[in-house]
Amino acid sequence: GASSAGVSADGTTSGSNGGAGYNNSISGTSTGYAGGGAGAVDNTTGSGTASHGANNSGAYPSNNADANTGAGGSGGGNDTGTNYTGGAGGSGIVIIRFTTSGNGYSQAGGTVDSSTVSGQTIISWTATSGTRTFTPTSSYNVEYLIVGGGGSGGNRQHGGGGGSGGYRTSSSHAVTAQAYTIVVGAGGASPSGSNNTNGNNGSDSSFDNITSIGGGYG
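Because the structure is predicted, anything quoted here is derived from the model rather than measured.

Trainee: Explain the environment of N201 to me, please; I cannot follow it from the model alone.
Mentor: Positionally, N201 belongs in the loop between β10 (180-183) and β11 (205-207). Among the residues examined, N201 registers a relative accessible area of 47% and is labelled partly exposed. C-alpha separation for the pair N201 and A186, spaced 15 residues apart in sequence, amounts to 9.2 Å. Setting aside its immediate chain neighbours within four residues, N201 contacts G151, G188, G215, G216 and Y217.

Quick look at the structure:
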């Protein structure tokens, strides 16, 4: 994933932050993507921010990562009750941006978020079910962001945070008048079971055979 190694915990006082991801403004708003999930220690709280596991904390109960960020879920931190479950990873996202004037397109396979900002068309695919297509009406260049789904955290007391999904971007990618497949990767589901259960991997996201790998489990 995109993030750096998490901060070490001392084993008694706090969980560890996940590694910071990246901020990107392709959507028209600066948004954090691909932060690593926070780890947990016993019944204590690890801090998290938008760039560290997308507001996750290695607490009890653990927290799910925000959808469409590709962040890793936090690790489970409680050794009793039902709050030991690792947090789910955040689903991925695919965003394409291009100059509106003279550049037409169609899309199929489901509803997408689209807008025009300062003469730029911005299309965001966020749904993880089904396959979408993007079809330009002519040849032109696009900017893209492809983020894979984040992995979920591990269960129980000292649960490790899930890894972030892969993060790929380009400011100038050539497309032609043909259908391009869009796939948005799901985040890893919270693990079932109780003691010391691994999390689940996130799924890949892709556009034009360019793939961002899903994050690994905690």
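After presenting the structure, the write-up continues.
Trainee: How should the confidence of the model for the protein be read in this particular structure?
Mentor: For residues with low pLDDT, the predicted coordinates do not support detailed interpretation. Here the protein shows a mean pLDDT of 82. Residues at 70 or above account for 78%. Segment residues 44-61: pLDDT under 50, and 70 contacts once partners within four positions in sequence are set aside and those in other chains are kept.

Trainee: Looking at this model, I keep getting lost on the sheet that holds strand β9 (residues 167-175). Mind explaining?
Mentor: Backbone-to-backbone hydrogen bonds join strands into a sheet, with any given pair of strands oriented parallel or antiparallel. Read across the open sheet, the 5 strands follow the order β5-β6-β3-β8-β9; overall the sheet is antiparallel. Strand pairing shows two members of the sheet lacking a second neighbour, β5 (113-117) and β9, which therefore form its edges. When the angles between neighbouring strand axes are averaged without regard to direction, this sheet yields 20 degrees.

Trainee: How should unusual backbone geometry be read in this particular structure?
Mentor: Leave glycine aside and you will find that most residues have negative phi; peptide bonds, for their part, are mostly trans. The backbone phi angle of N68 is positive, close to 60 degrees, even though this residue is not glycine. With respect to the helices, strands and loops of the structure, N68 is situated in the loop between β2 (31-33) and β3 (93-99). We note that N209 has phi near 65 degrees; this positive angle belongs to a residue other than glycine. Structurally, N209 can be placed in the loop between β11 and β12 (210-212). With relative accessibility at 78%, the residue N209 sits in the exposed group.

Trainee: Mind showing me how you'd approach the sheet that holds β12 here?
Mentor: The strand order β4-β7-β10-β11-β12 describes an open sheet built from 5 strands, whose pairing is antiparallel. The open sheet has two edge strands with one neighbour each: β4 (105-108) and β12. Taken pair by pair, the neighbouring strands of this sheet meet at an average axis angle of 20 degrees, ignoring direction. Inspection of the sheet shows β10 paired to β11 by 2 bridges, in the antiparallel sense.

About the thresholds
- Numbering of residues starts from 1 in every chain and runs along the sequence as written.
- For a predicted model such as this one, the threshold for reporting local features is a pLDDT of at least 70, and the threshold for listing and counting side-chain atom pairs is 80 or more; totals across whole chains, interfaces and linings nevertheless cover every residue.
- To get the side-chain values, all heavy atoms of the structure are used, and hydrogens and water are removed first.
- The helix and strand labels rest on DSSP assignments: H or I over at least four residues marks a helix, E over at least two residues marks a strand, and numbering proceeds from the N terminus.
- When a residue's accessible area, from a 1.4 Å probe over protein chains only, is under 20% of the maximum for its type it is buried; when over 50% it is exposed; and in between it is partly exposed.
- Only heavy atoms enter the contact rule, under which two residues are in contact if any of them lie within 4.5 Å.
- Per residue, pLDDT captures the predictor's confidence, and it can take any value from 0 to 100.
- We treat two strands as partners when DSSP finds at least two bridges between them.
- Axis definition: a line fitted to C-alpha atoms, over the contacting stretch in the case of helices. Angles run 0 to 180 degrees between N-to-C directions.

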